[in-house]
Amino acid sequence: MVTVGSSVVPTRPGWRQMIEVDRLTKRYGSTVAVDDLSFQVLPGRVTGFLGPNGAGKSTTMRAVIGLDLPTMGEVRINGRSYASIRRPLCEVGALLDARAVHAGRSASHHLLCIARSNGIDPSRVSAVLEMVGLAGVTRRRIRTFSLGMLQRLGVAAALLGNPGVLLFDEPVNGLDPEGIRWIRTLMKQLAAEGRTVLVSSHLMSEMALTADHLIVIGRGRLVADASVAELLSTSSRNRVRVRSPQAGRLSTLLTRDQPGVNVQSGPDGGLEVLGMDAPAVGELAAAHGVVLHELSSQQASLEEAFMDLTRDSVDYRTGTDLLSLESSTTPTTAGSRP
Ligand SMILES: Nc1ncnc2c1ncn2[C@@H]1O[C@H](COP(=O)(O)OP(=O)(O)OP(=O)(O)O)[C@@H](O)[C@H]1O
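Residues numbered from 1 in each chain as written. Predicted model: local features only at pLDDT ≥ 70, side-chain atom pairs only at ≥ 80, totals over all residues. Heavy atoms only, no water.

Asks: Residues and numbers for the packing of helix H3 (residues 123-131) against helix H4 (residues 147-159), please.
Replies: Close contact between H3 and H4 brings their axes to 9 Å; oriented N to C, the two are set at 135°. Our classification of the angle between H3 and H4 gives oblique. Two packed elements cross with a definite hand, and for H3 against H4 that hand is right-handed. Listed contacts from H4 to Arg 124, Val 128, Leu 129 and Met 131 of H3 are Leu 153, Ala 156 and Leu 159. (Axes fitted to C-alpha atoms, helices over the stretch in contact; angles between N-to-C directions. Helix = DSSP H or I, 4+ residues; strand = E, 2+ residues; numbered from the N terminus. Parallel < 35°, antiparallel > 145°, perpendicular 65-115°, else oblique. Left-handed = near helix turned anticlockwise from the far one by under 90°. Contact = heavy atoms within 4.5 Å.)

In structure tokens, the structure reads:
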């Protein structure tokens, strides 16, 4: 049984911690993985960490927990470096690589070893295994675990010290729909308890449901630091759908003398208008006596907004992607920057 709730993980008044990434640069030889990156992750909300493949998300997360030393800049957790925290697992929990476990151990032995070496009460082991839904397989060797089970075990390890700061790198990888839903609920619950939650994912639809705030990076640099709503509202793919028995005339009116307005025909004879909001379309139609049968604002999806934002920082692109970019008529929109 999966249990997520404040009855299992009590709220602690000390959970007002924040992660500060301050002018972080990380180079591996000639590769600049992270490039003068600054942002803050605040408590009480789920912060999604997005970026194309190779953008530097994992490197940044590793730097937060001291696994990678910055080439320049620093990362602070509540004002201190990870190395200076006396009992790190009780302040910061992280799931970065679910496969990085001793496969010959059982789930409970694995967690017990971590608990012992970090001065954590061993009673937490059964508590966290219960929380992540692995209570029925505590004695099974980890080598028999599926990827989804490994992810759950990694989440259990991150929660072991009941920390106020949590980092999850692609936690839904390998999870089934029930598992994805469970992770979503868990993230929100942890944030609602006042913790600081940073989670990376490539699943935009999932991020749209889970995150309150987004940090988007591309080629190691900050692209956007904004709420989900702000980010969606700035997308150039926001459009107005309009249907009219005088569609041809309306289309001419919309594009005539209106720089930046783009009108496309939909399959049902409707029009999709980019570069103008719904009230302006309605007023223009009314001023010229054009009858409207439908007028609605269509918001871009997070995936569309993400594609806009990161268009210039995608390192790996297929031929099909290139074709669709070339045929795209909409300009790139930058999100709000701090
Ligand atoms: N240990 C390393 N040695 C050399 N290069 C590395 C190392 N770790 C990461 N890189 C490089 O740094 C860049 C950023 O990688 P990173 O894994 O942080 O990106 P990411 O955003 O997490 O990518 P993905 O979404 O594909 O997981 C990439 O070009 C990667 O090849």
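And the narrative resumes.
Asks: Break down the site of the ligand for me, citing the residues and quoting the values.
Replies: Neighbouring the ligand are 13 residues; Gly 54, Lys 57, Ser 58, Thr 59 and His 202 lie closest to it. Take Arg 62: an N or O atom from its side chain is 3.4 Å from a nitrogen atom of the ligand. Contact with the protein chains removes 62% of the 640 Å² of surface that the ligand exposes when unbound. Elements represented by at least two residues in the shell around the ligand include exactly strand E2 (31-41) and helix H1 (57-64). At 4 residues, the largest contribution of residues to the shell around the ligand is made by H1. (Near = heavy atom within 4 Å. Polar contact = N/O pair within 3.5 Å; in protein donor to acceptor, adjacent residues only side chain to side chain. Areas by Shrake-Rupley, 256 points an atom, 1.4 Å probe, with all protein chains shown as cover.)

Asks: I'd like to hear about unusual backbone geometry, residue by residue, with values.
Replies: Backbone geometry at Asp 36 places phi at a positive 55°, although glycine is not the residue there. Structurally, Asp 36 is set in strand E2.

Asks: Quick one: what's the story with the sheet that holds strand E6 (residues 165-169), residue by residue and with numbers?
Replies: Strand order in the open sheet formed by 6 strands is E5-E6-E7-E3-E8-E9, and the pairing between neighbours is mixed. With one partner strand each, in any of the chains shown, strand E5 (92-95) and strand E9 (221-227) form the two edges of the open sheet. Across the sheet, the mean angle separating the axes of adjacent strands is 15° when strand polarity is ignored. Summarising the sheet, strand E8 (residues 213-218) and E9 pair through 6 bridges and their orientation is antiparallel. Each bridged residue has a counterpart across the sheet, and for Ile 215 the counterpart in E9 is Asp 225. Along the sheet, helix H10 (residues 302-310) makes contact with strand E3 (45-50), E8 and E9, crossing E8 at roughly 35°. (Pairing = 2+ DSSP bridges.)

Asks: So what's going on with the packing of aromatic side chains? Which residues, and what values?
Replies: Under the defined criterion, the tally for this structure stands at 1 aromatic pair. On the numbers, 5.5 Å between centres and 50° between planes, the contact of Phe 39 with Phe 49 is tilted. Of this pair, Phe 39 sits in strand E2 while Phe 49 sits in strand E3; the two residues are 10 residues apart in sequence, bridging distant segments of the chain. For Phe 39, a relative accessible area of 4% puts it in the buried group. For Phe 49, a relative accessible area of 0% translates into the label buried. (Phe/Tyr/Trp six-rings, centres within 6.5 Å; stacked < 30°, edge-to-face > 60°. Buried < 20%, exposed > 50% of the residue type's maximum accessible area, 1.4 Å probe, protein only.)

Asks: Got a sec to walk through the sheet that holds strand E1 (residues 19-28)? Specific residues and values, please.
Replies: The strand order E2-E1-E4 describes an open sheet built from 3 strands, whose pairing is antiparallel. Each edge of the open sheet is held by one strand with a lone partner, namely E2 and strand E4 (72-77). If you compare each strand with its neighbour and ignore which way they point, the axes differ by 20° on average. Of the pairings in the sheet, the one linking E1 to E4 comprises 5 bridges and is antiparallel in character. Paired with Thr 25 across the strands is Met 72, a residue of E4. Across the sheet, H1 lies against E1, E2 and E4, angled at about 120° from E1, the strand it touches most.

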